[in-house]
Amino acid sequence: MRCDYYDARQCRSCTWIETPYAQQLEAKRRHVEDLLAPVTPDLRWLATVASRETGFRTKAKMVVAGTVDAPTIGILDAHGEGQDLQDCPLYPEPLAAAFAPLAAFVTRADLEPYSVPHRRGELKHVLVTVAPDGALMVRWVLRSTEALARVRKHLPWLHEQLPRLAVASVNIQPAHAAIVEGEREILLTERETLEMDVNGIPLHLRPQSFFQTNTEVAAALYRQAAAWIADVEPASLWDLYCGVGGFALHACAPGRVVTGVETSEQAVASALRTRDELRAQGREEMATMDFIADDAVAWAARQADAPQAVVVNPPRRGLGQQLSQTVDASGADTIVYSSCNADTLARDLAWMPAYRAVEARLFDMFPHTAHGEVGVLLRRA
């Protein structure tokens, strides 16, 4: 991939951009394979799922800097000043087309960009997500509610510029810290969720819901996990760290009892909404599906009966020793582990000696970087 920002040394985020893409994929797979080899000696690798090299990011977390009259939307340089990245080739056209109107909105609504060196200003970030159908979610991260009235006042203008704008909100993050967003979210639109059609399943994203950056590759990951689960036809399934329910909703089947667990109440509300919509369409497999807002570690430890299969999709920190050992002692026949951090994956598998990893697949969510997502199928030894 060619990037003018990289060539001009204005952004070096894509650290592997000079490596041919096929070599990137091979290097990532070898790295994960080497990490897992001590605990998975007989692991069979399926063909890597590649990404598009450009236009693959469906979420943009853009720092707003500069001035009210000349804002930048992109990143901060080494001096804490704004570097505009509106033409970054990682974003698909429906998302990239939103950047110019959003920059104009900063000026129109008189939103002073936050200056990290001077600790002054109001607008920190603009966060944009695009759905497969082109609908948009836009979130402004502000230090306070001081500018909220102006954002509301000029929102109709932004709707005119971005007719596919479906969900808009303001997030309040007052701290001078490297934290993208705060806990408080103020919804500005009647519609509260962005619908992401993934393999025909309408996943609902609320403003603070987590979702994979690369929707096309995420869809392949869900299909693979569902295929692994279908092969063993479990009567019961847990989906731990279920988010908005992607794995659980793909792995359901008539009569199968599926339980998703996620600490985010917003994500659980989204998963329940999808379940209820599919129930209303007559999908009988949704009758035995539930989602629970709870800590996955504590919830799993309290269960008297284990399921026949478990899907885990933890954050970068992994499952940790307690949950790994709880799963190891559960007696479940099958585990599907989706990981974005091969180091913690290898550590967790070492804490699960009752299971044997039999298949794995790399899903390249993040081209031009060292990061990757890997799915692993484990069976009870």
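Relevant structure appears above.
S.K.: Help me out: how do you make sense of helix 11 (residues 342-350) in this one?
M.R.: Along an α-helix, a turn takes 3.6 residues, which lines up residues three or four apart on a common side. Residues of helix 11 that are buried include every one of Ala-342, Thr-344, Leu-345, Ala-346, Asp-348 and Leu-349, and no others. Against helix 2 (21-36), helix 10 (320-328), strand 15 (334-339) and strand 17 (373-380) lie the buried residues of helix 11. Structurally, the start of helix 11 carries an N-cap: the backbone nitrogen of Asp-343 is 3.0 Å from a side-chain oxygen of Asn-341.

S.K.: Looking at this structure, I do not really get the sheet that holds strand 12 (residues 257-262). What am I missing?
M.R.: Strand pairs in the sheet, formed through backbone hydrogen bonds, run parallel or antiparallel to each other. In space, the eight strands of this open sheet follow the order 1-16-17-15-14-11-12-13, with mixed pairing throughout. What marks the edges here is a single partner per strand, and that holds for strand 1 (44-45) and strand 13 (289-293). The pairing of strand 11 (residues 236-240) with strand 14 (residues 309-312) spans four bridges and is classified as parallel. Considered in strand 14, the bridge of Leu-237 is made with Ala-309. The sheet contacts of helix 11 involve strand 15 and strand 17, and relative to strand 15 the element is tilted by about 155 degrees.

S.K.: Where do I start with the state of the cysteines in this structure?
M.R.: According to the stated counting rule, one finds zero disulfides in the structure shown. Looking at the unpaired Cys-11, the closest cysteine sulfur is the one in Cys-14, lying at 6.4 Å. Owing to a relative accessible area of 14%, Cys-11 belongs among the buried residues under this scheme. The thiol of Cys-14 is not disulfide-bonded; the next cysteine sulfur, from Cys-88, is found 6.3 Å away. Classification of Cys-14 by relative accessible area gives buried; the value is 12%.

S.K.: What should I look at first to understand the packing of helix 4 (residues 99-108) against helix 5 (residues 148-161) in this one?
M.R.: Packed helix pairs are characterised by how far apart their axes lie and by the angle those axes make with each other. Between helix 4 and helix 5, the shortest axis-to-axis distance is 10 Å and the interhelical angle comes to 150 degrees. What the angle tells us is that helix 4 and helix 5 run roughly antiparallel. Helix 4 and helix 5 meet at a crossing whose hand is right-handed. Seen from helix 4, the contacting residues are Pro-101, Leu-102, Ala-104, Phe-105 and Arg-108; seen from helix 5, they are Val-151, His-154, Leu-155, Trp-157, Leu-158 and Gln-161. Classifying every residue of the contact of helix 4 with helix 5 gives eight nonpolar, two polar and one charged.

Rules of the game
- Residues numbered from 1 in each chain as written.
- Predicted model: local features only at pLDDT ≥ 70, side-chain atom pairs only at ≥ 80, totals over all residues.
- Heavy atoms only, no water.
- Buried < 20%, exposed > 50% of the residue type's maximum accessible area, 1.4 Å probe, protein only.
- Helix = DSSP H or I, 4+ residues; strand = E, 2+ residues; numbered from the N terminus.
- Contact = heavy atoms within 4.5 Å.
- Polar contact = N/O pair within 3.5 Å; in protein donor to acceptor, adjacent residues only side chain to side chain.
- Pairing = 2+ DSSP bridges.
- Axes fitted to C-alpha atoms, helices over the stretch in contact; angles between N-to-C directions.
- Disulfide = S-S within 2.5 Å.
- Parallel < 35°, antiparallel > 145°, perpendicular 65-115°, else oblique.
- Left-handed = near helix turned anticlockwise from the far one by under 90°.
- Nonpolar A, V, L, I, M, F, W, Y, C, P; charged D, E, K, R; others polar.

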